[in-house]
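# Reading the structure
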Amino acid sequence: MILQQAQDLICKSRLKKSISSFLPSKRGKWELYHDKKKLLYIAAAEIRDVQGQKLRKLLKQALNSHYYSGVLEKTGLNPDNIVLEDLKKLPLLTKDIIREQGDRLLAKPKSMLYRNASGGSTGAPVIFYQDDNYADNIWATMMVILEMCGWHYGARIARLWGAPQDKRRFKTLKGRLIYFLQNTRFYDSFNMSEENMLKYHYDMTKHKPDIIICYASSIYLLAKFLKKRGLSPSYPSISINTSAETLMPHMRHTLEEVFGREVYDKYGSREISGIACECSAHKGLHIFEDNVILECLDPVTGENVYERPGELVITDLNNMGMPFIRYRIGDMGVVSREKCSCGRNTMMLRKVLGRVTDNFYLEGGRIVHGEYFTHLFYGTRGIKNFRFTQNREDDFLLTIVKGSDYTEGCLEQIIRSIKKVIGESAALKIEFTDKISVTATGKYRFTVSKVKKGSL
Ligand SMILES: [Zn+2]
């Protein structure tokens, strides 16, 4: 307890904030943070000016990429003169193009970039790169998002999270120091057994986090567990910040009922983070229009649609290392031009549709988040697409679409990792196919569990 109080003092101290503000590595990020807060309130015409300037800069940089220099030459567009309306003349960027083009998409030397990979329940695994400019903008955006959720400097954070990249970071000395200074504790959402959930509950009761940052399905699972056990959490003191999956209305209702706190949803992906976040009016998510140009397209005509579902296509205005221009992120959504009552002046993302990740209920009462399996495919070559299905508690099917560089060895490590979790005695069938079907909303689901536990 004394250690926690000391940590609170350090994290809240003005000295830490001052040092942070003046560190050369942080000064630019703090400036971005202040700018981003202001940009949420400026007039629509002004934000379009900002987007136009950033788009021209992005396209000039994109000329350094083999892929985009060819694309721009074909369209005859001059990056110096381009306006927002020209964006539609550029082709959509798909995960298949990223996989096929690979390094031809890079606009800066690889040595200047950070390698990242994604899969998620709604997109095939792809490898991509991001630069310092992107990282700084995301850092600043996350500060703004936290503040919109009621966060204050030094607030205690519980992170109910599972992404292996983030978990690995947490285990390093530098990672531990960063989380210490951010007053953050980490809880593994990839292993939500009843035993672990009880541990998390007791630890959070002692730790008293102000904000819980979490996968929507993981906190929902914890809420249902606490409700079933008749346990009333005394945490968090401020709010719950969900992401990574669609927060369905019934989930929000349960969270508010069990935790008695407001729930704020945010939207982003590993390829493009910091896209949109909810405010205290809870009427949708504010789009960070200085980070992205978000188009919501009619799936048939390709025209922009408002107030009705369309495909979300995102242009990232910050990543100069590997431009994402008109990227098909894999989600359907509803965009609105109606302004929010909070005074922020951005376009609103009313809903994100179709992001679904199942929990897997395994023998012995273990519960594993579906993304555990998705993450096993991150960065794996030779596999174009996959689906991991649980038919019964001990019966699984892995469906694979081979890539052109598939070899027998591609699956070995993945199968070993799957068996470690499902158990050696469980049946695991591997099936190869040419195409994996999509759901009714037009989205892939990479993990499907047919085992439902109504009591949880
Ligand atoms: Zn608002």
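Bear in mind that the values here come from a model prediction, so they are computed numbers and not experimental data.

## So, the overall build of the chain
When helices and strands are counted, the chain shows 14 helices and 19 strands. Counting only contacts in the chain whose residues sit at least 6 apart along the sequence, the fraction spanning at least 24 positions is 69%. For the chain, the accessible area works out to roughly 20600 Å², and carbon and sulfur atoms hold 53% of it.

## A few points about the packing of helix H10 (residues 194–207) against helix H11 (residues 216–229)
Remark: H10 packs on H11, axes separated minimally by 10 Å, with the N-to-C direction vectors making an angle of 85°. With respect to H11, the axis of H10 lies roughly perpendicular. Only Leu 221, Leu 222, Phe 225, Leu 226, Lys 228 and Arg 229 of H11 make contact with H10, whose side of the interface consists of Glu 194, Met 197, Leu 198, His 201 and Met 204. Considering only residue class, the contact of H10 with H11 consists of seven nonpolar, one polar and three charged.

## Observations concerning the pairing of strand S6 (residues 239–243)
In terms of residue burial, S6 counts as a mostly covered element, since five of its five residues are buried. Residues Ser 239, Asn 241 and Ser 243 point to one face of S6 and Ile 240 and Thr 242 to the other, with burial holding for every one of them. With five bridges connecting them, strand S5 (residues 211–215) and S6 associate as parallel partners. Within S6, the position partnered with Tyr 215 by the bridge is Ser 243. Here S6 runs beside strand S7 (residues 262–267); their pairing, made up of four bridges, is parallel. Within S7, the residue paired with Thr 242 across the bridge is Asp 265.

## Topic: the pattern of salt bridges
Overall, the coordinates contain 18 salt bridges when judged by the stated rule. Residues Glu 271 and Lys 95 are paired through a salt bridge, measuring 3.8 Å at the closest nitrogen-oxygen approach. One end of the pair, Glu 271, is in the loop between S7 and strand S8 (276–278); the other, Lys 95, is in helix H6 (residues 95–101), with 176 residues separating them in the sequence. Given a relative accessible area of 11%, Lys 95 falls into the buried group. The salt bridge partner of Glu 311 is Arg 328, with a shortest N-O separation of 2.8 Å. Residue Glu 311 is located in strand S11 (residues 310–316), and its partner Arg 328 is located in strand S12 (residues 327–336); the two are separated by 17 residues in the primary sequence. It is possible to trace a salt-bridge network through shared partners that takes in Lys 88, Glu 295 and Arg 326.

## Examining the coordination of the zinc ion
The zinc ion binds to the protein through Cys 279 (SG), His 286 (NE2), Cys 340 (SG) and Cys 342 (SG), with metal-donor distances spanning 2.1 to 2.3 Å. Each of the four donor atoms around the zinc ion contributes to a set of angles spanning 99 to 118°, which defines the coordination as tetrahedral. Each donor residue of the zinc ion lies on one chain, and together they are spaced C-x6-H-x53-C-x1-C. A residue pair is termed long-range when its members are at least 10 positions apart, and His 286 in strand S9 (residues 285–287) and Cys 340 in the loop between S12 and strand S13 (348–353) qualify at 54 residues.

## Considering helix H5 (residues 66–75)
Because each turn of an α-helix spans 3.6 residues, side chains separated by three or four positions end up pointing in the same direction. Within H5 the residues assigned to the buried category are Tyr 67, Tyr 68, Val 71 and Leu 72. On an axial view of H5, the arc spanned by its buried residues comes to 120°, and they lie on one face. Those residues of H5 that are exposed and aimed more than 90 degrees away from the buried face are His 66, Glu 73 and Lys 74. In this structure, the buried residues of H5 make contact with helix H4 (44–62) and H6. Looking one or two residues beyond H5, the residue adopting positive phi is Gly 76, at roughly 75°.

## Quick look at the sheet that holds strand S17 (residues 395–402)
With respect to topology, four strands assemble into an open sheet ordered S18-S17-S16-S19, the strand pairing being mixed. Whereas interior strands pair on both sides, the edge strands pair on one side only; in this sheet they are strand S18 (427–432) and strand S19 (447–449). Strand after strand, the sheet turns through a mean of 15° between neighbouring axes, direction not considered. Judged from the three bridges that link them, strand S16 (residues 383–392) and S19 form a sheet pairing that is parallel. Counterpart to Thr 389 in the pairing with S19 is Val 448.

## Examining unusual backbone geometry
Tyr 235 connects to Pro 236 through a cis peptide bond whose omega is -10°. Unlike most non-glycine residues, His 282 shows phi in positive territory, near 55°. With respect to the helices, strands and loops of the structure, His 282 is situated in the loop between S8 and S9. In this model, Arg 326 sits at a positive phi of 55°, which is unusual for a non-glycine residue. For Arg 326, the location among the structural elements is in the loop between S11 and S12.

## Structural notes on the packing of aromatic side chains
All told, the structure shown has 15 aromatic pairs when counted by the stated rule. Between Tyr 235 and Phe 259, the ring centres sit 6.0 Å apart and the planes meet at 55°, which makes this aromatic pair tilted. Here Phe 259 lies in helix H12 (residues 249–259) and Tyr 235 lies in the loop between H11 and S6, a separation of 24 residues in the sequence. The pair Tyr 235 / Phe 259 is uniform in exposure class, with both members buried. Consider the rings of Phe 360 and Phe 373, whose centres lie 4.8 Å apart with planes at 55°: the pair is tilted. Taken together, the residues Phe 360 in strand S14 (residues 359–361) and Phe 373 in helix H13 (residues 371–375) connect sequence positions 13 residues apart. We note that Phe 360, like Phe 373, is buried. Directly above the aromatic system of Tyr 306 lies the positively charged group of Arg 337, at a separation of 3.6 Å from the ring centroid. The residue whose ring lies beneath Lys 402 is Phe 432, and the NZ or CZ to ring-centre distance is 4.6 Å.

## Looking at the nonpolar core
Judged by nonpolar contacts, the single largest core of 46 residues is most densely connected at Leu 55, Tyr 267, Ile 275 and Leu 349. Look past the residues within four positions of Ile 275 in its chain and what remains in contact with it is Tyr 267, Gly 268, His 286, Ile 287, Phe 288, Val 292, Leu 294, Ile 314 and Ile 329.

Conventions and cut-offs
- Residues numbered from 1 in each chain as written.
- Predicted model: local features only at pLDDT ≥ 70, side-chain atom pairs only at ≥ 80, totals over all residues.
- Heavy atoms only, no water.
- Helix = DSSP H or I, 4+ residues; strand = E, 2+ residues; numbered from the N terminus.
- Contact = heavy atoms within 4.5 Å.
- Areas by Shrake-Rupley, 256 points an atom, 1.4 Å probe, with all protein chains shown as cover.
- Axes fitted to C-alpha atoms, helices over the stretch in contact; angles between N-to-C directions.
- Parallel < 35°, antiparallel > 145°, perpendicular 65-115°, else oblique.
- Nonpolar A, V, L, I, M, F, W, Y, C, P; charged D, E, K, R; others polar.
- Buried < 20%, exposed > 50% of the residue type's maximum accessible area, 1.4 Å probe, protein only.
- Pairing = 2+ DSSP bridges.
- Salt bridge = Lys/Arg side-chain N within 4 Å of Asp/Glu carboxyl O.
- Donors = N, O, S within 2.8 Å, 3.2 Å for Na, K, Ca; no water.
- Tetrahedral: all angles 85-135°; square planar, octahedral: opposite > 155°, others 65-115°.
- Arc of directions from axis to C-beta.
- Phe/Tyr/Trp six-rings, centres within 6.5 Å; stacked < 30°, edge-to-face > 60°.
- Lys NZ or Arg CZ within 6 Å of the ring centre and 35° of its normal.
- Core = buried A, V, L, I, M, F, W, Y, C linked by side-chain atoms within 4.5 Å.

Scope: geometric values only; no functional claims are made or implied.
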